[in-house]
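Each chain is listed here by its residues.
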Amino acid sequence: MKDLAKSLVLLELNEINFEYVEKYAKKYPLKLKNFNKLLKNHSRFRTTSEKEYHLLEPWIQWVSAHTALDFNSHKVFRLGDIINHQHTQIFEKIESKGYKVGCISPMNTANRLEKPLYFIPDPWTDTKPSDDFWSRKIHKLIVQTVNDNSEGKITLESLMILLGVFFRFFLFKSFFTYMKVVLGSLMKP
């Protein structure tokens, strides 16, 4: 029997309000067609956890989602505090089943993977990116731009990393999409 490769993509949407997404997806069905697909099955994606309002912060909820533990069990209250706890996260569970795991900015997640394809931490959690060159550089870029966001500045080094990432991962078939994003970003900073 042929061994088929399986893929799982976990897309984390932080602090999203589905009522607004539904409104805009209906208004712009062609631009938001993937959200329309997601919304068709939205009841599967709704979760509940804590009842107390102060425990509904996303950095608390992400730990609950990643560990399948409620706050009373995981006790992670602040952003980045996951590094002070040893809870098994979904990423390690998946890896232990023989799957390859790559992560880009999973919220409030400690990198405890044995052999990640790549791991780029969120900018607020003091955990190491994977050892590959691009993960380290992209993490450095994200940390700098997020931390300096209020000043609206990007360092020359971050700009060079961004250009390097662009040329390294450039897909010619997506050229027009890239140009559309760049021009849109310049017109709507």
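Every chain is numbered independently, its residues counted from 1 as its sequence is written. In keeping with the predicted nature of the model, local features appear solely for residues at pLDDT of at least 70, side-chain atom pairs appear and are counted solely at 80 or more, and the whole-chain, interface and lining totals rest on all residues. To get the side-chain values, take all heavy atoms of the structure and skip hydrogens and water.

1. Section: a nonpolar patch on the surface
The cut-off we apply is this: Like charges within 9 Å and nonpolar side chains (Val, Leu, Ile, Met, Phe, Trp, Tyr) within 5 Å are joined into patches, using only residues over 30% in relative accessible area that form no salt bridge. Note on areas: these come from Shrake-Rupley sampling with a 1.4 Å probe, and a residue is covered only by the protein chains present in the view. Criterion for a salt bridge: a side-chain nitrogen of Lys or Arg within 4 Å of a carboxyl oxygen of Asp or Glu. Numbering of helices and strands runs from the N terminus; a helix is a DSSP stretch of H or I covering at least four residues, while a strand is a stretch of E covering at least two.
On the surface, a cluster of nonpolar side chains totalling about 700 Å² of accessible area is made up of Ile154, Leu156, Leu159, Met160, Leu162, Leu163 and Phe167. As for its position among the elements, methionine 160 is in helix 7 (residues 156–169).

2. What to know about the environment of phenylalanine 169
Using the following cut-off: Any residue under 20% of the maximum accessible area for its type is buried, any over 50% is exposed, and the rest in between are partly exposed; the area is computed with a 1.4 Å probe on protein chains only. Pairs of residues are marked as contacts when any of their non-hydrogen atoms sit within 4.5 Å.
Relative to the assigned elements, phenylalanine 169 resides in helix 7. Classification of phenylalanine 169 as partly exposed rests on a relative accessible area of 40%. Those residues in contact with phenylalanine 169 that sit more than four places away from it in its chain are Trp134 and Tyr178.

3. Side note on the packing of helix 6 (residues 133–147) against helix 7
Threshold: Note on geometry: axes are lines fitted to C-alpha atoms, helical ones only across the stretch in contact, with angles between N-to-C directions running from 0 to 180 degrees. What sets the label is the angle itself: under 35 degrees gives roughly parallel, over 145 gives roughly antiparallel, 65 to 115 gives roughly perpendicular, and the rest give oblique. Note on convention: the crossing is left-handed when the near helix lies turned anticlockwise from the far helix by less than a right angle, right-handed when the turn is clockwise.
The N-to-C vectors of helix 6 and helix 7 enclose an angle of 135°; their axes lie 9 Å apart at closest approach. Taken together, the axes of helix 6 and helix 7 are oblique relative to one another. When you trace helix 6 past helix 7, the crossing you get is left-handed. Between helix 6, through Trp134, Lys137, Ile138, Lys140, Leu141 and Gln144, and helix 7, the contact on the second element is made entirely by Glu157, Ser158, Ile161, Leu162, Gly164, Val165, Arg168 and Phe169.

4. Side note on unusual backbone geometry
Despite not being glycine, lysine 75 shows a phi value in the positive range, around 60°. Among the structural elements, lysine 75 can be located in the loop between helix 4 (71–74) and helix 5 (90–96). On the accessibility criterion, lysine 75 (47% relative accessible area) is partly exposed. In the Ramachandran plot, asparagine 108 falls in the positive-phi region, its phi being about 50° despite a non-glycine side chain. When you line up the elements, asparagine 108 lands in the loop between strand 1 (102–104) and strand 2 (118–120). You can call asparagine 108 buried: its relative accessible area is 0%.

5. Points about the packing of aromatic side chains
The cut-off we apply is this: Within 6.5 Å between ring centres, the rings of Phe, Tyr and Trp (the latter by its six-membered ring) count as paired, and their orientation is classed by plane angle as stacked under 30 degrees, edge-to-face over 60, tilted in between. To sit over a ring, a charge needs its Lys NZ or Arg CZ within 6 Å of the ring centre and within 35 degrees of the ring normal.
Taken as a whole and judged by the stated rule, the model has ten aromatic pairs. Judged by centre distance (5.2 Å) and plane angle (75°), the ring pair of phenylalanine 166 and phenylalanine 167 falls under edge-to-face. Exposure remark for phenylalanine 166: the relative accessible area of 28% places this residue in the partly exposed category. The rings of Phe166, Phe167, Phe170, Phe172, Phe175, Phe176 and Tyr178 are connected pair by pair, giving a single aromatic cluster. When the ring centre of tyrosine 24 is taken as reference, the NZ or CZ atom of lysine 23 above it lies at 5.6 Å.

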